[in-house]
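Fold and contact review
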Amino acid sequence: MSAWWSQQSVRDRRVLVVGSLVVAIFLVWSFVWHPLTSERARLVNQLDNSTRDLAFVRVAEAEVERLRSVGVRSRADRQGKSLLALADVSARGAGLEGVLKRLEPVGSNSVRASFEFASFDVLLSWIEGMARDYGVQITDFSADRVDASGLVNARVTLEDVP
């Protein structure tokens, strides 16, 4: 190899050296610099997304804790009423007294309520109020439309959340 190099003219050696440097710089850029900068940009973008996600989760965590404390206070506001009594009193207070046909316990902490010809809007408002105000969870809901507009026959299972 060195014999071949020494046979080349000075001009050819310069062209070969400059060409080798250009190829070496291109290879370093292609296989080292460009992949590193591309990966760095991807990681910076991922970090920004993760930071935004973390901020969102922290806000949501505060909201969850606030809602949990409201639910705990609400359960304390039940004045010692069982879920069965609470469902009966609150349904009657919501204007569902004429359409509440059956209210029966299902297990130790569940109640099933059956409604006939109930206003769908009033029924959903009552369900939402039970969940919001007393921390009661709805585990089953089914409704069948009746001929009159906005009225349903419905079955709702309520469960006390421990």
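Thresholds applied
Residues numbered from 1 in each chain as written. Predicted model: local features only at pLDDT ≥ 70, side-chain atom pairs only at ≥ 80, totals over all residues. Heavy atoms only, no water. Helix = DSSP H or I, 4+ residues; strand = E, 2+ residues; numbered from the N terminus. Rg over C-alpha atoms; globule rule 2.2 N^0.38 Å. Buried < 20%, exposed > 50% of the residue type's maximum accessible area, 1.4 Å probe, protein only. Contact = heavy atoms within 4.5 Å. Areas by Shrake-Rupley, 256 points an atom, 1.4 Å probe, with all protein chains shown as cover. Lys, Arg positive; Asp, Glu negative; His and termini not counted. Charge placed at Lys NZ, Arg CZ, Asp CG, Glu CD. Pairing = 2+ DSSP bridges. Axes fitted to C-alpha atoms, helices over the stretch in contact; angles between N-to-C directions. Patch = residues over 30% accessible without salt bridge, like charges linked within 9 Å, V, L, I, M, F, W, Y side chains within 5 Å. Salt bridge = Lys/Arg side-chain N within 4 Å of Asp/Glu carboxyl O. Core = buried A, V, L, I, M, F, W, Y, C linked by side-chain atoms within 4.5 Å.

Each helix and strand counted, the protein chain has 4 helices and 4 strands in total. Going residue by residue from the N terminus, the α and β elements of the protein chain occur as α-α-α-β-β-α-β-β. Computed over its C-alpha atoms, the radius of gyration of the protein chain comes to 36 Å, more than 25% above the 15 Å expected for a compact globule of 162 residues. Across its three principal axes, the protein chain shows a C-alpha extent of roughly 110 × 40 × 25 Å. A burial count over the protein chain gives 20% of its 162 residues as buried. In the protein chain, 49% of the contacts between residues at least 6 apart in sequence involve partners at least 24 apart. Entry remark: accessible area of the protein chain is about 11600 Å², with carbon and sulfur atoms responsible for 59%. When the 20 basic and 20 acidic side-chain charges of the protein chain are each reduced to a single mean position, those positions are 10 Å apart.

Turning next to the pairing of strand S1 (residues 100-105). Across 5 bridges, the pairing between S1 and strand S2 (residues 110-119) is antiparallel. Within S2, the residue paired with proline 105 across the bridge is valine 111. The antiparallel pairing of S1 with S2 creates a hairpin that spans 4 residues between the two strands, and glycine 107 there sits at a positive phi of about 80°.

The next subject is the sheet that holds S2. Backbone-to-backbone hydrogen bonds pair the strands of a sheet. The strands run either parallel or antiparallel. The strand order across the open sheet built from 4 strands is S1-S2-S4-S3, with neighbouring strands paired in antiparallel fashion. Only two strands of the sheet have a single neighbouring strand rather than two, namely S1 and strand S3 (136-145). Neighbour-to-neighbour, the strand axes of this sheet turn through a mean angle of 15°, independent of strand direction. Here S2 runs beside strand S4 (residues 151-160); their pairing, made up of 8 bridges, is antiparallel. Residue serine 114 lies in a different strand from S4, and its bridge partner there is arginine 155. Those strands touched by helix H3 (residues 83-93) are S1, S2, S3 and S4, and its axis lies near 165° from that of S1. Of the strands in this sheet, S2, S3 and S4 are in contact with helix H4 (residues 120-134), which crosses S3 at around 175°.

All right, on to a nonpolar patch on the surface then. Taken together, the side chains of Val23, Phe26, Leu27, Val28, Trp29, Phe31, Val32, Trp33 and Leu36 define a hydrophobic patch exposed on the protein surface, amounting to about 980 Å² of accessible area. Along the polypeptide, valine 32 turns up in helix H2 (residues 10-76). For valine 32, a relative accessible area of 42% gives the class partly exposed.

Turning to unusual backbone geometry, a few remarks are in order. Look at phenylalanine 117: it is not a glycine, yet its phi comes out positive at around 55°. With respect to the helices, strands and loops of the structure, phenylalanine 117 is situated in strand S2.

Grouped together as the largest cluster of nonpolar side chains are 20 residues, with contacts concentrated most on Leu96, Phe115, Leu123, Trp126, Met130 and Leu158. Taken together, the elements giving at least two residues each to this core come down to H3, S2, H4 and S4. Ignoring sequence-local partners within four residues, the contact set of phenylalanine 115 consists of Leu96, Val99, Leu100, Lys101, Leu123, Trp126, Val152, Asn153, Ala154 and Val156.

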